[in-house]
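Read off the chains here:
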Amino acid sequence: MTAQLQNLTFIQHDNGIYELVLHKNNRQTVDELLHVITEYIRPEEQTEDIRLLLDQRETGVMPIRYLTSKIREYQATQKRALSSRTAILYKDNSLLTLMQGVMKLFPMQGADTFTFIKEDHDKAVAWLLQKELEVTE
């Protein structure tokens, strides 16, 4: 399944990976991202780890203050522990520390694991499909 929204593309791959390719760096992208998570991925209905590939190579980091407030709102609505694996593709090394800091602000319920991979889509997919995960960066 593929859905082209105004600011991002959502792809549900046959291997179980949900891929979100961000095209713009704005508040609307954050809203669309959360819309896709709640309406297409539906974490509350998942029985296995959610495998998410977030491609930020085109946009860099989204608006931090807005993103953090929206993530907090979303987490407050969750009734049960969720588990996910997220690989974040990035392009600019200078943004890596900032992105890592934002991710650490939101310890998720369950056994969430994430990693940052510079520009290598195939490496991100391989990491998501591994049975035993290792943080690569």
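Above this text sits the structure in question.
Residues numbered from 1 in each chain as written. Predicted model: local features only at pLDDT ≥ 70, side-chain atom pairs only at ≥ 80, totals over all residues. Heavy atoms only, no water.

Novice: What am I meant to see in the pairing of strand S4 (residues 50-55) here?
Specialist: A regular strand places its side chains so that they alternate between the two faces of the sheet. In terms of burial, S4 is a largely internal element, six of the six residues being buried. Of the two faces of S4, the one carrying Ile50, Leu52 and Leu54 and the one carrying Arg51, Leu53 and Asp55 are both buried. In terms of strand pairing, strand S3 (residues 17-22) meets S4 through five bridges, oriented parallel. Looking across to S4, one finds that isoleucine 17 is bridged to arginine 51. Tracing the backbone out of S3, into helix H1 (residues 27-41) and back to the parallel element S4 gives a crossover that is right-handed. (Buried < 20%, exposed > 50% of the residue type's maximum accessible area, 1.4 Å probe, protein only. Helix = DSSP H or I, 4+ residues; strand = E, 2+ residues; numbered from the N terminus. Pairing = 2+ DSSP bridges. Right-handed = clockwise from strand over helix to strand, strands pointing away.)

Novice: I tried to follow the nonpolar core on my own but got confused; where do I start?
Specialist: In this structure, Leu8, Phe10, Leu20, Leu33, Val36 and Ile41 are the most contacted members of the largest nonpolar core, which totals 24 residues. Going through the elements one at a time, strand S2 (8-12), S3, H1, S4, helix H2 (64-76) and strand S5 (84-90) are the ones with two or more residues in this core. In terms of residues, this core owes the most to one element, H1, which gives six residues. Apart from the residues within four sequence positions on either side, isoleucine 41 is in contact with Phe10, Tyr18, Val36, Gln46, Ile50 and Leu52. Of all hydrophobic cores here, the second largest spans nine residues; its members include Ile17, Ile117, Ala124 and Trp127. (Core = buried A, V, L, I, M, F, W, Y, C linked by side-chain atoms within 4.5 Å. Contact = heavy atoms within 4.5 Å.)

Novice: Help me understand unusual backbone geometry, please; the structure alone is not making it clear to me.
Specialist: Most peptide bonds take the trans form, and the phi angle of most residues other than glycine is negative. Even without a glycine there, the phi angle at arginine 42 is positive, about 50 degrees. One can find arginine 42 in the loop between H1 and S4. The backbone of glutamate 119 shows a phi angle near 65 degrees, a positive value even though the residue is not glycine. In this fold, glutamate 119 is placed in the loop between strand S6 (113-118) and helix H4 (121-129).

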